[in-house]
Amino acid sequence: MDRALFQRLNQIYAPLRGRANRLARALEEGGLKAKWAWYANHSVKVDGEYQTEEFPLPVVDVGDLCEIGLNLDECWIESHLPRAAALAFPWARLPGGRRPAARPCWRQWRTAAGGGTEL
């Protein structure tokens, strides 16, 4: 394998793996079941158009609650909660102690986790 390509991929993927581990651990410490794995073929807007990410990204499965995907520079949360369940959910158990905004929640959690500590 090309050494430069190998090193570049590790520069990209090592921090993603670390974020996924830290996020899953933080959720578990908050009493939630969390596990993560790599998944590909997500869609993301690039210059105003949706494009497919052919490369894998970490996705944290938070039990029956939701999935949290970690992109290169942001995150997303997918959930299928009925409105009443979403309003009743104990959001304080999540990093940051509040209901996350639609985007970019990554910065909110990073800031809430300790003044710049990345999750």
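Notes on the structure follow.

1. A few points about the overall build of the protein chain
At step 1: Broken down by element type, the protein chain carries three helices and six strands.
At step 2: Listed by position from the N terminus, the elements making up the protein chain come as α-β-β-β-β-β-β-α-α.
At step 3: Counting over 119 residues, the protein chain shows a buried share of 29%.
At step 4: Sequence separation of 24 or more characterises 40% of the internal contacts of the protein chain that already satisfy a separation of 6 or more.
At step 5: Summed over all atoms, the accessible surface of the protein chain reaches about 7800 Å², with 50% contributed by carbon and sulfur.

2. Concerning the packing of aromatic side chains
The geometry of an aromatic ring pair is captured by two quantities: the separation of the ring centres and the angle between the planes.
At step 1: Scanning all chains against the criterion turns up three aromatic pairs.
At step 2: A ring pair is formed by Trp-36 and Trp-38, whose centres lie 5.3 Å apart and whose planes are at 80°; its orientation type is edge-to-face.
At step 3: Residue Trp-36 is classed as partly exposed on the basis of its relative accessible area, which comes to 22%.
At step 4: Here the aromatic cluster, defined as three or more aromatic residues joined through ring pairs, consists of Tyr-13, Trp-36 and Trp-38.

3. Quick word on unusual backbone geometry
At step 1: With a phi angle near 70°, Asn-41 is a residue other than glycine that sits in the positive phi range.
At step 2: Its place among the elements puts Asn-41 in the loop between β1 (35-39) and β2 (42-46).
At step 3: Despite not being glycine, Asp-47 shows a phi value in the positive range, around 50°.
At step 4: Within the secondary structure, Asp-47 sits in the loop between β2 and β3 (49-53).
At step 5: Here Asp-47 falls in the exposed class, since its relative accessible area comes to 80%.

4. Considerations on the environment of Ala-86
At step 1: The topology assignment puts Ala-86 in helix α2 (residues 83-88).
At step 2: Classification of Ala-86 as partly exposed rests on a relative accessible area of 23%.
At step 3: Separated by 21 residues in sequence, Ala-86 and Leu-65 have C-alpha atoms that sit 9.4 Å apart.

5. So, helix α1 (residues 3-29)
At step 1: The end-to-end C-alpha distance of α1, which contains 27 residues, comes to 38 Å, matching closely the 39 Å that a straight helix rising 1.5 Å per residue would cover.
At step 2: Its side-chain oxygen placed 2.9 Å from the backbone nitrogen of Ala-4, Asp-2 serves as the N-cap of α1.
At step 3: Looking one or two residues beyond α1, the residue adopting positive phi is Gly-31, at roughly 95°.

6. What to know about the nonpolar core
At step 1: Leu-23, Leu-27, Leu-32, Val-60, Val-62, Ile-68 and Leu-70 are the most contacted members of the largest nonpolar core, which has 15 residues in total.
At step 2: Residue contributions to this core peak at four residues, all from α1.
At step 3: When residues no more than four places from it in sequence are discounted, the contact partners of Leu-32 are Leu-27, Val-62, Phe-89, Arg-93 and Leu-94.

7. What to know about the pairing of β3
At step 1: Pairing analysis gives five bridges linking β2 to β3, with the strands arranged antiparallel. Following the sheet pairing, Val-44 is matched in β3 by Gln-51.

Scoring rules and cut-offs
- Residues numbered from 1 in each chain as written.
- Predicted model: local features only at pLDDT ≥ 70, side-chain atom pairs only at ≥ 80, totals over all residues.
- Heavy atoms only, no water.
- Helix = DSSP H or I, 4+ residues; strand = E, 2+ residues; numbered from the N terminus.
- Buried < 20%, exposed > 50% of the residue type's maximum accessible area, 1.4 Å probe, protein only.
- Contact = heavy atoms within 4.5 Å.
- Areas by Shrake-Rupley, 256 points an atom, 1.4 Å probe, with all protein chains shown as cover.
- Phe/Tyr/Trp six-rings, centres within 6.5 Å; stacked < 30°, edge-to-face > 60°.
- Expected span 1.5 Å × (residues − 1).
- Polar contact = N/O pair within 3.5 Å; in protein donor to acceptor, adjacent residues only side chain to side chain.
- Core = buried A, V, L, I, M, F, W, Y, C linked by side-chain atoms within 4.5 Å.
- Pairing = 2+ DSSP bridges.

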